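# Residue-level structure breakdown
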Amino acid sequence: MRNRIGKLMNLCVLAALVFTACGPSAKATTMHLIKTSGDVGVSDQAGNAVTLIENLGLYSGYRVSTMDESHAWIDLDRVKLVKMDAESEADIHKNGRELELVVNTGNLYFNIMEPLEENEILNIRSSTMMVGIRGTCGWVEVPDKERFLVSLLEGSVECAASDPDTYGTDTWTIDEGLKAEFVCRNGEIEAKIEPLEADDIPTFVREEGLPPAYEELLAEGPDMDLPDGENSDGEDADDEEMPEVTPGGGIENMFGSYANEEGRECG
């Protein structure tokens, strides 16, 4: 009897160890639409409209679109934030812990607070270029099919062609404080990398809060194109202040309680 009880206890302990070992490694990247403003649409893999609900789960094949003066915030595992600018469209491709955001058009801000694990992959790409994200903060712009722009506030990223058969296997490393423009046409890529200036930072990025160095740059830069219309001579067009951080804006505050413009409470 004692032997039987001992064997059962050993089996229970073994099972517990197995489940404990498998738990974290089996955890897949989770993705949710946690906040919207304005007119935001979501469609599934079949192209059918998805009803916006609180903390909407996003899956492979989904598409998120923002209209004029609209934004969407996407959370990845609660330590990664993506914000879509107005008039933007992105598709979601997911395979286990491999995640890819395909920006068809528009702008997308990313803030990865904790570096990805070794078995995690996060790529942001267009039809021509791709950026590998590990732990960094910045944004991409896709004005058309030929151009792809990357700007970094923190960290570094590696850029490469989405279609190496057409454009080759060259890679470009972009470090913080730099901006890069890639023009892809006729099977070739023209890359232009320059320092990031204060007036390069768009309003939808500033609203999420900036590292202290950039806040000082915005306050002191003499040739800035301020969003409120103030010119480099200090003349106020509308006598407005710099844009404030949006309610719940910034990755540190994204999991409070806030409502979209329809009054739906999120987070």
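Residues numbered from 1 in each chain as written. Predicted model: local features only at pLDDT ≥ 70, side-chain atom pairs only at ≥ 80, totals over all residues. Heavy atoms only, no water.

## Some thoughts on the overall build of the protein
The secondary structure content of the protein amounts to four helices and 18 strands. Looking at the protein residue by residue over its 267 residues, the buried ones come to 41%. (Helix = DSSP H or I, 4+ residues; strand = E, 2+ residues; numbered from the N terminus. Buried < 20%, exposed > 50% of the residue type's maximum accessible area, 1.4 Å probe, protein only.)

## Regarding the environment of Lys 179
For Lys 179, the position within the fold is in strand β15 (residues 178–185). Looking at Lys 179, the relative accessible area reads 21%, which means it is partly exposed. Put simply, Lys 179 and Lys 192 are 13 residues apart on the chain and 8.3 Å apart in space, counted from C-alpha to C-alpha. Apart from the residues lying within four places of it in its own chain, the contact partners of Lys 179 are Val 150, Ser 151, Lys 192, Ile 193, Glu 194, Pro 195, Leu 196 and Asp 200. A polar contact of 3.1 Å, which involves the side chain of Lys 179, links it to the side chain of Asp 200. (Contact = heavy atoms within 4.5 Å. Polar contact = N/O pair within 3.5 Å; in protein donor to acceptor, adjacent residues only side chain to side chain.)

## Focus on the environment of Glu 190
Within the element layout of this structure, Glu 190 appears in strand β16 (residues 188–195). Aside from chain neighbours lying at most four places away, what touches Glu 190 is Glu 181, Phe 182 and Val 183.

## Section: unusual backbone geometry
The phi torsion at Glu 69 lies on the positive side, around 55°, for a residue other than glycine. Here Glu 69 shows up in the loop between β4 (63–66) and β5 (71–76). We classify Glu 69 as exposed; its relative accessible area is 65%. If you check the backbone angles, Glu 87 has positive phi at about 55° while not being a glycine. With respect to the helices and strands, Glu 87 occurs in the loop between β6 (80–84) and β7 (89–95).

## Description of the side chain of Glu 100
Structurally, Glu 100 can be placed in strand β8 (residues 98–112). Only 3.0 Å separates the side chain of Glu 100 from the side chain of Arg 125, close enough to count as a polar contact. If we ignore the near neighbours within four places in the chain, the residues touching Glu 100 are Asp 91, Ile 92, His 93, Asn 123, Arg 125 and Met 130.

## Brief notes about the side chain of Thr 136
Among the secondary structure elements, Thr 136 is positioned in the loop between β10 (129–133) and β11 (137–142). Leaving out residues up to four positions away in the same chain, Thr 136 has contacts with Phe 110, Asn 111, Ile 112, Leu 152, Glu 154, Gly 155, Ser 156 and Val 157.

## Describing the environment of Val 82
Relative to the elements of secondary structure, Val 82 occurs in strand β6. Each C-alpha atom of the pair Val 82 and Ala 72 lies 8.3 Å from the other, and the pair is ten residues apart in sequence.

## Description of the pairing of β4
On any regular strand, side chains alternate: one points to one face of the sheet, the next to the other face. For strand β2 (residues 40–43) and β4, the ladder comprises four bridges, and the chain directions are antiparallel. By the bridge assignment for β4, Val 40 is matched with Thr 66. Where β4 meets β7, three bridges bridge the pair, whose relative direction is antiparallel. Bridge pairing links Arg 63 to Asp 91 in β7. (Pairing = 2+ DSSP bridges.)

## Remarks on the nonpolar core
For soluble globular proteins, nonpolar side chains are generally found buried alongside one another. The biggest cluster of nonpolar side chains holds 42 residues, and the ones touching the most others in it are Leu 58, Val 64, Ile 74, Leu 108 and Phe 182. Here this core gets six residues from one element, more than from any other, and that element is β8. Filtering out sequence-adjacent residues up to four positions away, Leu 58 remains in contact with Met 31, His 32, Leu 33, Val 42, Val 64, Ile 74 and Ile 92. Formed by 15 residues, the second largest nonpolar core is a distinct cluster that contains Leu 196, Ala 198, Val 205 and Tyr 214. (Core = buried A, V, L, I, M, F, W, Y, C linked by side-chain atoms within 4.5 Å.)

## Points about the confidence of the model for the protein
For the protein, mean pLDDT is 77; residues scoring 70 or higher make up 68% of the total. Low pLDDT (under 50) marks residues 11–28, which in the prediction has six contacts with non-local residues, meaning those over four places away or in another chain. The low-confidence segment residues 224–267, where pLDDT is below 50, has 87 contacts with residues more than four positions distant or belonging to other chains. (pLDDT = per-residue confidence, 0-100.)

## Some remarks on the pattern of salt bridges
Across all of its chains, the model carries ten salt bridges by this definition. Between Glu 194 and Lys 179 there is a salt bridge; the shortest N-O distance is 3.9 Å. Residue Glu 194 is found in strand β16, and its partner Lys 179 is found in strand β15; the two are separated by 15 residues along the sequence. Between Glu 194 and Lys 192 there is a salt bridge; the shortest N-O distance is 3.7 Å. (Salt bridge = Lys/Arg side-chain N within 4 Å of Asp/Glu carboxyl O.)

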